[in-house]
Amino acid sequence: MGSLWLETTTLPDYGPLEKSLNTDVLIVGGGLAGVLCAHRLTELGVDCVLVEAENICGGVTAHTTAKLTAQHGFLYRTLLDHFGRSGAAAYLEANLTALERYRTLCQRIDCDFEERDSYVYTLDDPKAAQEEFSALQELGYPATLERQLPLPFPVAGAVRFPDQGQFHPLKFVRGLLPGLTVYAHSPIRKIRPGYAITDQGHVVTAKHILICTHFPMLNRWGSYFIKLYQHRSYLLALEGAPALPGMYVDNAQGGLTFRPCGPYLLFGGGDHRTGKAGGGWSELETLAQRYWPKAQVKYRWATQDCMSLDGVPYIGPYSPSTPGLYVATGFNKWGMTNSMVAALLLGDLVTGRDTPWAKLFAPNRSMLCPQLFSNLISSAADLLTPTRPRCPHMGCALKWNSQEHSWDCPCHGSRFREDGQLINGPAQEGLSPK
């Protein structure tokens, strides 16, 4: 059993880059963010090339819940407190604009798009729901405060966003790919402003380079290794569970998520920081048996998300000292709309257009957040742990993930198969043989 999305569609298998070339914009990373950037730039008349290390959209994009919503947890009260009204309004506007663009594109792409209301609920903190609702009222958004939901347990409160969406992400990507210049199976091993080099030694010269590799691959600039950490989440596709009318997610870390998908109920949870202990599929399967004893598991998969320090992605110039380099990362479990935001924002930056969201998403904004100190403490502890194997990225001690049979890095989220083969970056190579 694997990802429902991978099992129910096929994407083109692009060949590798076999020669050096010149282009205006090189996009490194062929997940949803990279594909959307390539589509947007092509739409703007910009010559661009997308280069992917493995298969197009075979990573996080193929393992998402595929919710299209501007509701990202109880986030807007936090944004108002941290960035003020202008910052919170910019985040809401950016993601609502992204949602509208999906709605427009999905009119011509057969990708199972459906409008659904979105709900974020809390099990034990009605005050948090009320504060989030009040924040949205302040921003002028027509959210509603709910007291009951059609879930198999009571909630203490929930906030509803009307008319959001869901879709099949790989069917959507398949509809975007015609007309794009794409190379797969071509890992980039070196990037500098103005050029990149593949593992076969081919040089791509470009005025602008967009790094859309989930976790940024360059440690030398930007300090992303302390500005980000990674988080794993688990999903089941259940047959025989009751249909639900909307999309639902717990605001609490490690809470449950639900959404309908044709004959299935997508049921997620078991979350944990990569390399740390968590419930995983076993927790979900136990709860599914309790809530819907006659339901059957038809698919199961897991995903990995890059988490920023303050809940806002890093989209913009890679660092002040790297002209022409840009990044899109730290989508905080909301990669569908934030990938579209990245495509719109980076398209504007590359073409010299004014963009109202650049300041909010700027990667060089202040890092002074409580999460920074948590990241530093966790990384220091794992660097000093005297065990093997160790991650080739920055030397942290790896932890064995018994549910997925992988070696996982708790510092920055790299993952490796039992035989040492690389699964997820930011590491660029597998484990050395013992």
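See the structure printed just above.
Summarised in this report is the structure supplied together with it. (Residues numbered from 1 in each chain as written. Predicted model: local features only at pLDDT ≥ 70, side-chain atom pairs only at ≥ 80, totals over all residues. Heavy atoms only, no water.)

We now examine the pairing of strand 6 (residues 157-166). The element strand 6 is extensively covered by neighbouring structure, given that 9 of its 10 residues are classed as buried. By the bridge criterion, 2 bridges tie strand 3 (residues 67-68) to strand 6 in an arrangement that is antiparallel. Looking at the pairing, Lys 67 lines up with Gln 166 of strand 6. By the bridge criterion, 8 bridges tie strand 4 (residues 114-122) to strand 6 in an arrangement that is antiparallel. If you follow Ser 118 over to strand 6, its bridge partner there is Phe 161. (Buried < 20%, exposed > 50% of the residue type's maximum accessible area, 1.4 Å probe, protein only. Helix = DSSP H or I, 4+ residues; strand = E, 2+ residues; numbered from the N terminus. Pairing = 2+ DSSP bridges.)

A separate point is the pattern of salt bridges. Oppositely charged side chains can pair when the atoms bearing their charge come close. In the structure shown here, the tally under the stated rule is 15 salt bridges. Bridged by salt links that share partners, the residues Arg 40, Glu 43 and Arg 101 form one connected network. (Salt bridge = Lys/Arg side-chain N within 4 Å of Asp/Glu carboxyl O.)

The topology assignment puts Arg 103 in helix 3 (residues 76-105). Residue classification places Arg 103 among the buried residues on the basis of a relative accessible area of 14%. Side chain to side chain, Arg 103 and Glu 100 meet in a polar contact 2.2 Å long. Residues in contact with Arg 103, not counting those within four places in the same chain, are Phe 113, Glu 115, Asp 163 and Gln 164. (Polar contact = N/O pair within 3.5 Å; in protein donor to acceptor, adjacent residues only side chain to side chain. Contact = heavy atoms within 4.5 Å.)

So, on to the sheet that holds strand 21 (residues 422-424). Taking strand neighbours across the sheet as the criterion, the 4 strands line up as 18-19-20-21 in an open arrangement whose pairing is antiparallel. Only two strands of the sheet have a single partner each, and these edge strands are strand 18 (399-401) and strand 21. The average angle at which neighbouring strand axes cross in this sheet is 35°, direction not considered. Bridge analysis of strand 20 (residues 415-417) against strand 21 gives 2 bridges, and the strand direction is antiparallel. Along strand 21, the bridge assignment pairs Arg 415 with Asn 424. (Axes fitted to C-alpha atoms, helices over the stretch in contact; angles between N-to-C directions.)

To continue, consider the pairing of strand 17 (residues 325-329). For strand 17, a buried count of 5 out of 5 residues is recorded, marking the element as mostly surrounded by other parts of the structure. Residues of strand 17 alternate between two faces, with Leu 325, Val 327 and Thr 329 on one and Tyr 326 and Ala 328 on the opposite face, all of them buried. Relative to strand 17, strand 10 (residues 203-211) is paired through 3 bridges, and the arrangement is parallel. By the bridge assignment for strand 17, Leu 210 is matched with Tyr 326. Note that strand 16 (residues 314-317) and strand 17 share 4 bridges and pair antiparallel. Looking at strand 17, one finds that Gly 316 is bridged to Val 327.

Once that is clear, we can look at unusual backbone geometry. Of note, the phi angle at Asp 112 is positive, near 60°, even though the residue is not glycine. Along the chain, Asp 112 falls in the loop between helix 3 and strand 4. Classification of Asp 112 as partly exposed rests on a relative accessible area of 39%. Despite not being glycine, His 214 has its phi angle at roughly 70°, a positive value. Along the chain, His 214 turns up in the loop between strand 10 and helix 6 (224-227). Assessed through its relative accessible area of 29%, His 214 is described here as partly exposed.

On inspection of all chains with the given rule, the structure shows 21 aromatic pairs. Ring centres 6.0 Å apart and planes at 70° place the aromatic pair Tyr 76 and Tyr 91 in the edge-to-face group. Taken as a pair, Tyr 76 and Tyr 91 share a single burial class, namely buried. Each member of the aromatic cluster is reached from another via a ring pair, and the members are Tyr 121, Phe 153, Phe 258, Phe 267, Tyr 291 and Trp 292. The ring of Tyr 314 is capped by Lys 227, whose NZ or CZ atom sits 4.9 Å from the centre of that ring. Here Arg 300 stacks its cationic end above the ring of Trp 281, 4.4 Å away from the centre of that ring. (Phe/Tyr/Trp six-rings, centres within 6.5 Å; stacked < 30°, edge-to-face > 60°. Lys NZ or Arg CZ within 6 Å of the ring centre and 35° of its normal.)

The next point concerns the environment of Glu 429. Take Glu 429: it is sitting in the segment after strand 21. A residue is classified by how much of its surface remains accessible, and Glu 429, at 48% relative accessible area, is partly exposed. Sequence separation of Glu 429 and Ser 414 is 15 residues, and the distance between their C-alpha atoms is 10.0 Å. Aside from chain neighbours lying at most four places away, what touches Glu 429 is Pro 392, Phe 416 and Leu 422.

To continue, consider helix 8 (residues 335-350). If you check helix 8, its first and last C-alpha atoms are 21 Å apart, about what 16 residues at 1.5 Å a residue would give, namely 22 Å. By the criterion of burial, helix 8 is predominantly enclosed, with 15 of the 16 residues buried. Downstream of helix 8 by one or two residues, Gly 352 has phi in the positive range, about 75°. (Expected span 1.5 Å × (residues − 1).)

Summarising the element assignment, Arg 415 is placed in strand 20. Judged by its relative accessible area of 4%, Arg 415 is buried. Side chain to side chain, Arg 415 and Ser 406 meet in a polar contact 3.0 Å long.

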